[in-house]
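# An overview of the molecular structure
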Amino acid sequence: DKAQIGVTGLAVMGRNLARNFARHGHTVAVHNRTTAKTTALVEEFGDEGTFVPAETAEGFVAALERPRRLVIMVKAGAATDAVIEEFAPLLEPGDMIVDGGNAHFADTRRREAALRERGIHFVGTGISGGEEGALHGPSIMPGGSAESYETLGPLLEDIAAKVDGVPCATHVGPDGAGHFVKMVHNGIEYADMQLIAEAYDLLRHAAGLTPAEIAEVFRTWNTGRLESYLIEITAEVLAHTDPVTGRPFVDVVLDRAEQKGTGRWTVQTALDLGVPVNGIAEAVFARSVSGHADQRAAARALPGPARRADRGADFADLVEQALYASKIVAYAQGFHEIQAGSAEYGWDIDPGAMARIWRGGCIIRARFLDRITDAYRADPGLATLLTDEHFATALGAAQDAWREVVATAVRLGVPTPGFAGALAYYDSLRAERLPAALTQGQRDFFGAHTYHRADRAGTFHTLWGGDRTEVEV
Ligand code: NBP
């Protein structure tokens, strides 16, 4: 019997995806550059389903039923190109190559166009949820042609996470749309994590709670509107005691956050698209700041307020409100980027469907995502999530607390770039007038860059070096 699907690249992700397909009753061809991994997979997990191990690329392709569905799970970048070049010549028109790695969407667009010329569907697919998700049900964001989704979709929906019986997989849009949405998903994840970190820092240094007490606060939050995987694991991490020293685990870990790059891509792409994602950018920068040990050591003696924990335990409720409001902003910015990318590349992405497929499997899975789906269902043309009725009401109710939390942080010298940046974005969007008018005046002064007037149409320049009359240009 031929295999319905094949997976090449059997490191943690590929191996678990292959097992997931097999556990769902699909015959899975498996292949890896180093054959030992293929053999090990079949030896260890062969009883979970039907695997067809292949030692060679030819053998792997021959094991697949047509049209062939071949999933690549190798290191993103040059390895992906090498594997595509290895397999594409062996395929026939109508076959599909699914790249489940963390590719940059621009690479996916390039690969899709090149393979389309050869009649092969290239399906750049965002897969979120890490190792565990790959095995038990990830969130799956496939791009590529709608035609490819007809044959591929049912298999992907089979192995995806389910929430209320609905699979966390859907066709995102053509060519690089899937990897684009996965990228923004990761950017939002960075922002969410940063906001949670700031909440912890404030509870610790402004309210004087211990990590164990803060774990309890997060556990309580996880029963309310903030209920999410990230809040849940935050409580777990904070409650953990280092077995070596007996101290809170969070106090023995080096405070230097690392990153693999998808958050950075989200911000770089946002800059190219002209989308203000300062909440996500602050999160990327916060990780970056944490890693600059030299600057941090040099700056340690700079003056600032003593971190006197002068807020009581009731401060936690204000922090919860600031966290929820800032989170709404981060998601609003991420969805703005998705909509801008969709418009730029003609992808026609349904933003509500993205929130729906993030409800399970992935790292940012949360109760809150239903609200986003509802918001876009109520108004598909929604300009910003902030003005959706539910979110606008929540922001309105939270904004006093949000300001007080940011003011407290500033007063005590606790850095909260996420909370403060999100609040500044909120205030910028709601401002009747922005000082951008002054910026335009300066630009016209030094560079004759011209300006528009609020009171009449046309493009104008003031003769700053002369008699300062205004000319229409
Ligand atoms: P890695 O990213 O560590 O890649 C290892 C795999 O790539 C091995 O199978 C290796 O074969 C293969 N490979 C390499 Br490296 N160069 C190759 C080449 N030139 N030709 C053929 N095969 C090559 O694996 P991973 O951690 O399982 O991740 C797989 C993909 O999934 C990556 O793109 C990663 O970014 C993404 N990922 C996603 C998540 C998530 O949560 N969504 C988590 C982790 C990873 P070998 O065995 O012969 O060396």
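These numbers come from a predicted model, not from an experiment. (Residues numbered from 1 in each chain as written. Predicted model: local features only at pLDDT ≥ 70, side-chain atom pairs only at ≥ 80, totals over all residues. Heavy atoms only, no water.)

### Here's the deal with the site of the ligand
Around the ligand sit 21 residues in total, of which Asn 32, Thr 34, Lys 37, Ile 127 and Gly 130 are the nearest. Thr 34 has a polar side-chain atom sitting 2.5 Å from an oxygen atom of the ligand. In the model, an oxygen atom of the ligand is placed 3.0 Å from a nitrogen or oxygen of the Val 74 main chain. Burial of the ligand by the protein amounts to 76% of the accessible area it has alone, namely 910 Å². (Near = heavy atom within 4 Å. Polar contact = N/O pair within 3.5 Å; in protein donor to acceptor, adjacent residues only side chain to side chain. Areas by Shrake-Rupley, 256 points an atom, 1.4 Å probe, with all protein chains shown as cover.)

### Thoughts on the packing of aromatic side chains
All chains considered together, the criterion is met by 15 aromatic pairs. Among the aromatic residues, those joined into a ring-pair cluster are Phe 105, Phe 180, Tyr 345 and Trp 347. We note Arg 287 situated over the ring of Tyr 190; from NZ or CZ to the ring centre the distance is 3.7 Å. (Phe/Tyr/Trp six-rings, centres within 6.5 Å; stacked < 30°, edge-to-face > 60°. Lys NZ or Arg CZ within 6 Å of the ring centre and 35° of its normal.)

### So, unusual backbone geometry
With an omega of -5°, the peptide bond between Arg 66 and Pro 67 qualifies as cis. At Ala 448, a residue that is not glycine, the phi angle is positive and equals roughly 50°. Looking at where Ala 448 falls in the secondary structure, it is placed in the loop between α20 (436-447) and β10 (460-462). The exposure class of Ala 448 is partly exposed, given its relative accessible area of 43%. (Helix = DSSP H or I, 4+ residues; strand = E, 2+ residues; numbered from the N terminus. Buried < 20%, exposed > 50% of the residue type's maximum accessible area, 1.4 Å probe, protein only.)

### Here's the deal with the UniProt feature "domain: 6-phosphogluconate dehydrogenase C-terminal" (unreviewed entry) in the chain
Per the UniProt record, the feature "domain: 6-phosphogluconate dehydrogenase C-terminal" (unreviewed entry) sits at residues 178-465. Helix makes up 64% of residues 178-465 and strand makes up 1%, while its end C-alpha atoms are separated by 52 Å. (UniProt positions renumbered as here; feature names shortened; annotations may be inferred.)

### Notes on the sheet that holds strand β4 (residues 69-72)
Taken in spatial order, the seven strands line up as β3-β2-β1-β4-β5-β6-β7 in an open sheet, and their pairing is mixed. Edge strands, defined here as strands with exactly one partner in the open sheet, are β3 (51-53) and β7 (139-142). Strand-to-strand twist in this sheet, taken as the mean axis angle between neighbours without regard to direction, amounts to 25°. Strand direction decides the pairing type here: strand β6 (residues 121-128) and β7, joined by four bridges, are antiparallel. Residue pairing across strands places Thr 125 opposite Pro 142, the latter belonging to β7. (Pairing = 2+ DSSP bridges. Axes fitted to C-alpha atoms, helices over the stretch in contact; angles between N-to-C directions.)

### Details of the UniProt feature "active site" (unreviewed entry) in the chain
UniProt's feature table lists "active site" (unreviewed entry) at Lys 182 and Glu 189, given in the numbering used throughout. Along the polypeptide, Lys 182 turns up in helix α8 (residues 177-205). Excluding residues within four positions of it along the chain, Lys 182 makes contact with Asn 102, Gly 126, Ile 127, Ser 128 and Met 141. Separated by 2.9 Å, the side chains of Lys 182 and Asn 102 make a polar contact. One can find Glu 189 in helix α8. The class for Glu 189 is buried, based on a relative accessible area of 14%. (Contact = heavy atoms within 4.5 Å.)

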